[in-house]
Amino acid sequence: MAQPDRANWLLRVARGDVMGARAMLEAADAPPRLAAYLAHQAAEKALKASIATIGREPPWIHDLAGLLLLAPDGVRTALANVAFGAFEAARIKGRYPDDESELVDRTRADRLIADAEAIIEAVTAHFGSSTSPRLALEPI
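Summarised in this report is the structure supplied together with it. (Residues numbered from 1 in each chain as written. Predicted model: local features only at pLDDT ≥ 70, side-chain atom pairs only at ≥ 80, totals over all residues. Heavy atoms only, no water.)

### Comments concerning the overall build of the chain
Consideration 1: Assigned secondary structure in the chain consists of six helices and zero strands.
Consideration 2: The 140 residues of the chain split such that 46% are buried.
Consideration 3: For the chain, contacts bridging at least 24 residues in sequence account for 70% of all contacts bridging at least 6.
Consideration 4: Summed over all atoms, the accessible surface of the chain reaches about 7000 Å², with 56% contributed by carbon and sulfur. (Helix = DSSP H or I, 4+ residues; strand = E, 2+ residues; numbered from the N terminus. Buried < 20%, exposed > 50% of the residue type's maximum accessible area, 1.4 Å probe, protein only. Contact = heavy atoms within 4.5 Å. Areas by Shrake-Rupley, 256 points an atom, 1.4 Å probe, with all protein chains shown as cover.)

Here's what the structure looks like:
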């Protein structure tokens, strides 16, 4: 897959993931930890999309801080205020909660979703400013 196409595909999947996270959080009976995990997935795919916009194959890693280091300068600058460390705990505890006291609550999940949305917005802005083909916005 060509890198601009890959970037567009990853960004569309990220949009779908964050929409799913938001819907899951709004469902009264769904565990917030699952919404937080989907927020991490959305953030991960958006960062990988940003890497693909500069012609690089995104690595198959889940470490958001590591992905951020590979992202274009404009994306890194735009995301300076995002607390990426909070995503890492949600990635692990979202899948494998090991202690009731460490479960993600609705407030924390909502913050992670908002941060994932900010990451998607920053990558979308970068994508729009690059020489890449037209961006398809429909979530997958």
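### Notes on the pattern of salt bridges
Consideration 1: In this structure the tally under the stated criterion is seven salt bridges.
Consideration 2: The closest approach of N and O atoms between E117 and R22, which form a salt bridge, is 3.2 Å. Placement of E117 in helix 6 (residues 106-129) and of R22 in helix 1 (residues 3-26) is noted, with a sequence separation of 95 residues between them.
Consideration 3: Among the residues examined, E117 registers a relative accessible area of 26% and is labelled partly exposed.
Consideration 4: Across the salt bridge formed by R76 and D73, the nearest N and O atoms sit 2.3 Å from each other. Taken together, the positions of R76 and D73, both in helix 4 (residues 73-78) and three residues apart, correspond to about one turn of that helix.
Consideration 5: R76 sits in the partly exposed class, given a relative accessible area of 29%.
Consideration 6: In this structure, a network of salt bridges that share partners links the residues R22, D110 and E117. (Salt bridge = Lys/Arg side-chain N within 4 Å of Asp/Glu carboxyl O.)

### Topic: the packing of aromatic side chains
Consideration 1: Overall, the coordinates contain one aromatic pair when judged by the stated rule.
Consideration 2: A ring pair is formed by F84 and F87, whose centres lie 6.3 Å apart and whose planes are at 40°; its orientation type is tilted. Here F84 and its partner F87 are both found in helix 5 (residues 84-95), three residues apart, which amounts to about one turn of the helix. The same class applies to F84 and to F87, which are both buried. (Phe/Tyr/Trp six-rings, centres within 6.5 Å; stacked < 30°, edge-to-face > 60°.)

### A few points about the environment of H40
Consideration 1: Along the chain, H40 turns up in helix 2 (residues 32-53).
Consideration 2: Each C-alpha atom, one on H40 and one on I92, is 9.9 Å from the other, the two residues being 52 residues apart in sequence.

### Considering the environment of T77
Consideration 1: Its place among the elements puts T77 in helix 4.
Consideration 2: You can call T77 exposed: its relative accessible area is 61%.
Consideration 3: Separated by 45 residues in sequence, T77 and A122 have C-alpha atoms that sit 9.3 Å apart.

### Digging into the nonpolar core
Nonpolar side chains in soluble globular proteins tend to end up buried together.
Consideration 1: If you look at the biggest cluster of nonpolar residues, it comprises 34 residues, and the most contacted ones within it are L47, L79, F84, F87 and I119.
Consideration 2: Put simply, the parts of the chain that give this core at least two residues each are helix 1, helix 2, helix 3 (64-70), helix 5 and helix 6.
Consideration 3: Top element by residues in this core is helix 2. It accounts for nine residues.
Consideration 4: The contacts of L79, once residues within four sequence positions are left out, are L47, L68, F84, A118, I119 and A122. (Core = buried A, V, L, I, M, F, W, Y, C linked by side-chain atoms within 4.5 Å.)

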